[in-house]
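Residue-level structure breakdown
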Amino acid sequence: MLYQRSSALFDEAYQYIPGGVNSPVRAFKSVGGVPVFMKSAQGAYLTDVDDNQYIDYINSWGPAILGHTHPEVLEALKKQAENGFSFGTPTELETEIAKLIVENVPNIDQIRMVSSGTEACMSAIRLARGFTGRNKFIKFEGCYHGHSDSFLIKAGSGAATFGNPNSPGVTPGTAKDTLTAKYNDIEQVEDLFRLNEGEIAAIIVEPVAGNMGCVLPENNFLQKLRALCDENGALLIFDEVMTGFRLAFGGAQEVYGVKADLVTFGKVIGGGLPVGAFAGRNEIMDHLAPKGAVYQAGTLSGNPLAMRAGLTTLEVIKNDESFYENLNKTTETLDFEIGKILNAKGIEHKINRKGTMMSVFFHTNSVSNFDDAANANHALFNNFFHQLLANGIYLPPSGFETWFISAAIQEKEISKTLEVIQKFEYA
């Protein structure tokens, strides 16, 4: 494929936008090469500025669960746009989508809309601190909860060590209240509670991790986190920005049967428009302004275009009783058939999958935490990525990212994908 226009646009963007992109992974820094600039999307396909077409396995990093420009969502957006883009006032639409979410997601009574997943997670931590009167919280290596200062922390040499910033601009004062453990390592979490008794406000976790590749909870990890929070008076926060309305209509709480105290959302609930949300029980959410003292506000929170796209997306899903069954079968087929091809080629790999999230790791062992993901053969993944890209398959441009499957991917797209992978050559 030729990328002449993309190359020229990237050179121009590099002059005016830091790194030439508005979100780092788009720069192809992990896989190498020049990022592809897209001009349109329809169903299962992206089209770039050089008129190359790709089967899309990113789907805007998760929101496009129905596929791109779904006709019902598109029509609803057109009608909403005619009524106004943003009012800065309450609208009935906000209550409609809030009611739909609250009535279908376990263990939440109220929900606050914001404009991004970062904002949702940042606000959830602030609310947890305000509710408990404690300052510290636990996060896990490889789990990404947005770019708020508190989350850009990595662990020290041991589980008991205070976190150190791994991004310039994050102060040591912020870092000291962030405690980090290894995903799926419940003993480290127990140690942190013991060494910080009475100081931990919350645990925040991706119930299925999606930012070190797709990594699943093992050995009742989530259930054990719930028990530790109960024992220590801390809140359990599920970051369901990725998993919410993707694993199931009730999200990971429904799938795993674990009650979270606070839940954050994004992606699917905006139908492809910028959105985030956080939700919880009345006793917690009542601490939020204007009813309570914990402050949070946003000019575009509950933006009517995002609310309309999100509400229509959720309604389309809910009205199709076989939606998740069919989508899960698609992902299961990809998992099985890709694995069969790579096995026949003698390529060591591990495919992690939960629902419609999956990742292909070129690894000899299982991948259950960030260290495992980091030890995969990323040079081989980069080769895999570029060979597929050159043949019209668009994967996430990093071995640390998750594939998101959409309902628009059907037998035709699966067959083409497998045909390309069958031709994959590696040195």
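Treat the numbers as computed from the prediction; the structure is a model and nothing was measured.

So, on to the sheet that holds strand 8 (residues 178-181). On the basis of which strands lie adjacent, the open sheet formed by seven strands has the order 4-12-11-10-9-5-8 and mixed pairing. Each edge of the open sheet carries a strand with a single partner, namely strand 4 (110-114) and strand 8. Strand-to-strand twist in this sheet, taken as the mean axis angle between neighbours without regard to direction, amounts to 20 degrees. Where strand 11 (residues 262-266) meets strand 12 (residues 276-280), five bridges bridge the pair, whose relative direction is antiparallel. Counterpart to phenylalanine 265 in the pairing with strand 12 is alanine 277.

On to helix 10 (residues 304-318). Between its first and last C-alpha atoms helix 10 spans 21 Å; for 15 residues at 1.5 Å apiece the expected length is 21 Å, and the two agree. Along helix 10, 12 of the 15 residues are buried, which leaves the element largely enclosed by surrounding structure. By the burial criterion, the buried members of helix 10 are Pro304, Leu305, Ala306, Met307, Ala309, Gly310, Leu311, Thr312, Thr313, Leu314, Val316 and Ile317. Two or three places before leucine 305, at the start of helix 10, stands the capping residue asparagine 303, its side-chain oxygen 3.0 Å from that residue's backbone nitrogen.

Reading across from one edge, 13-14-16 is the order of the three strands in this open sheet, with antiparallel pairing throughout. Bordering the open sheet on either side are strand 13 (350-354) and strand 16 (403-404), each of which pairs with just one other strand. In this structure, strand 13 lies alongside strand 14 (residues 357-361), joined through five bridges in antiparallel fashion. The residue of strand 14 that forms the bridge with lysine 350 is phenylalanine 361.

As a further point, take the UniProt feature "modified residue: N6-(pyridoxal phosphate)lysine" (unreviewed entry) in the protein chain. The positions that UniProt labels "modified residue: N6-(pyridoxal phosphate)lysine" (unreviewed entry) are, in the present scheme, Lys267. With respect to the helices and strands, the residue lysine 267 is situated in the loop between strand 11 and strand 12. Among all residues touching lysine 267, those that are not within four sequence positions of it are Trp61, Gly62, Pro63, Val241, Met242, Gly272 and Val275. In this structure the side chain of lysine 267 is engaged in a polar contact, spanning 3.1 Å, whose partner is the backbone oxygen of tryptophan 61.

Cut-off values and rules
The written sequence of each chain sets the order in which its residues are numbered from 1. Given that this is a predicted model, residues contribute local features only at a pLDDT of at least 70 and side-chain atom pairs are listed and counted only at 80 or more, while totals for whole chains, interfaces and linings are drawn from all residues. Water and hydrogen atoms play no part in the side-chain values, which are based on all heavy atoms of the structure. Two strands make a pair as long as DSSP finds a minimum of two bridges between them. Secondary structure elements follow DSSP: runs of H or I no shorter than four residues count as helices, runs of E no shorter than two count as strands, and numbering proceeds from the N terminus. Fitting a line to C-alpha atoms yields each axis, with helices limited to the stretch in contact; the angle taken between N-to-C directions then spans 0 to 180 degrees. Expected span, for any helix, means 1.5 Å times one less than how many residues it has. Only protein chains enter the accessibility calculation, which uses a 1.4 Å probe. A residue is then buried if its area is under 20% of the maximum for its type, exposed if over 50%, and partly exposed in between. Distance and chemistry together define a polar contact, namely a pair of N or O atoms within 3.5 Å, with one atom able to donate a hydrogen and the other to accept it when in protein, and with adjacent residues in sequence counting only for side-chain atoms on both sides. UniProt positions are given in the numbering used here, feature names are shortened, and annotations may be inferred rather than shown by experiment. Contacts between residues were defined by any pair of non-hydrogen atoms, one from each residue, lying within 4.5 Å.

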